[in-house]
Amino acid sequence: MKYGERMIETPQGELVTGERSTRNRVARSILDHGPSTVADLAKRLGLTQAAVRRHLDALVADDVIAPREQRVYGARTRGRPAKVFALTDCGRDAFDQSYDSLAVEALRWIAQSAGGGEQGEAAVAAFARARLAAQAETYRESVEAAAPAERTEALAKALTADGYAATAKSAPGPHSGEQLCQHHCPVAHVAEQFPQLCEAETEVFSRLLGTHVQRLATIAHGDGVCTTFIPRSAGTGAKGVAQTDTSVSASTAGRNPA
């Protein structure tokens, strides 16, 4: 979940906007000042200690922070050390990081080192395919283990385990097929500048499902969900029992079709 400017709702769906905003302030204060006691947070934020504890309980439940004993340097005084609350790795990652800009700079360097232009684009595409190679093998295991009619759903579950919040459903209207929907994309901001990432992913879907697939929408290009259309004939799977044309056109892989 996000506790920076781009927050999403926590699993406790009943929270109201004001509570989420205060919860964000609590997490942000710990980020800015380090591990903090309830008293520290109450003083900094102008809240009662009871209110701080309520927000801390929710943040602990969401694995954003974790309690621990306060480290004491020098002679320890009498009594039990105070409990402090520190950000977890999950909580730290929830704040805006510079990873996106670093990834964009790295891909731009790859393109320029390859000579720019078409050669540069090809180098980025090669990197994107190599990046997905290991993931594809993990997905392949899940897809091949599923019954032919359930392989799109199996791929969706594998993608969800990797953080893509994916679902599979029947395509609307007269189309005979399914839609693979990814409701989250961890690399959307990078893919906005380098569509080769989306294109490589679409190629992987095509190979795993043994059929041509069509990318209908991408988060990277402003759509709410990454949507891929998979013909009904796809179910026979990653081993290619009934493979059709597995090529993916550049016009639909990672870009919205006209």
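Before any of the text, the structure's been laid out above.
A quick note: this is a predicted structure, and the numbers were derived from the prediction, not measured.

**Examining the environment of Ala 58**
Checked against the element boundaries, Ala 58 lands in helix α3 (residues 49–61). Under the relative-accessibility criterion, Ala 58 is labelled buried at 13%. Residues Ala 58 and Arg 23 lie 35 residues apart in sequence; the distance between their C-alpha atoms is 8.3 Å.

**What about helix α7 (residues 151–161)?**
Residue pairs three or four apart in sequence face the same way in an α-helix, which turns once every 3.6 residues. Turning to α7, its buried residues number three or more, namely Arg 151, Thr 152, Ala 154, Leu 155, Ala 156, Ala 158 and Leu 159. Considering only its buried residues, α7 is in contact with α6 (117–145), β3 (166–170), β4 (177–182), α9 (196–209) and β6 (226–231). Positive backbone phi, approximately 95°, marks Gly 163, located one or two places after α7.

**A short note on the pairing of β4**
With respect to burial, β4 is a largely interior element, six of its six residues being buried. The two faces of β4 match: Gly 177, Gln 179 and Cys 181 on one face and Glu 178, Leu 180 and Gln 182 on the other face are all buried. The pairing of β3 with β4 spans five bridges and is classified as antiparallel. Bridge pairing links Ala 166 to Gln 182 in β4. With six bridges joining them, β4 and β6 adopt antiparallel strand pairing. In the sheet register, Cys 181 faces β6, and the bridge partner there is Thr 227.

**Some words on the pattern of salt bridges**
Going through the model one piece at a time under the given rule, you end up with four salt bridges. We note a salt bridge from Glu 203 to Arg 129, for which the minimum N-O separation is 3.0 Å. Here the residue Glu 203 occupies a position in helix α9, and Arg 129 occupies one in helix α6, the gap between them amounting to 74 residues. Using a relative accessible area of 44% as the deciding quantity, one classes Arg 129 as partly exposed. In this structure, the salt-bridge partner of Arg 140 is Glu 137, at a minimum N-O distance of 3.6 Å. With Arg 140 and Glu 137 both in helix α6 and three residues apart, the pair spans about one turn of that helix. Looking at Arg 140, the relative accessible area reads 21%, which means it is partly exposed.

Rules of the game
- Residues numbered from 1 in each chain as written.
- Predicted model: local features only at pLDDT ≥ 70, side-chain atom pairs only at ≥ 80, totals over all residues.
- Heavy atoms only, no water.
- Helix = DSSP H or I, 4+ residues; strand = E, 2+ residues; numbered from the N terminus.
- Buried < 20%, exposed > 50% of the residue type's maximum accessible area, 1.4 Å probe, protein only.
- Contact = heavy atoms within 4.5 Å.
- Pairing = 2+ DSSP bridges.
- Salt bridge = Lys/Arg side-chain N within 4 Å of Asp/Glu carboxyl O.

Remember, this is a structural readout, not a statement about activity or role.
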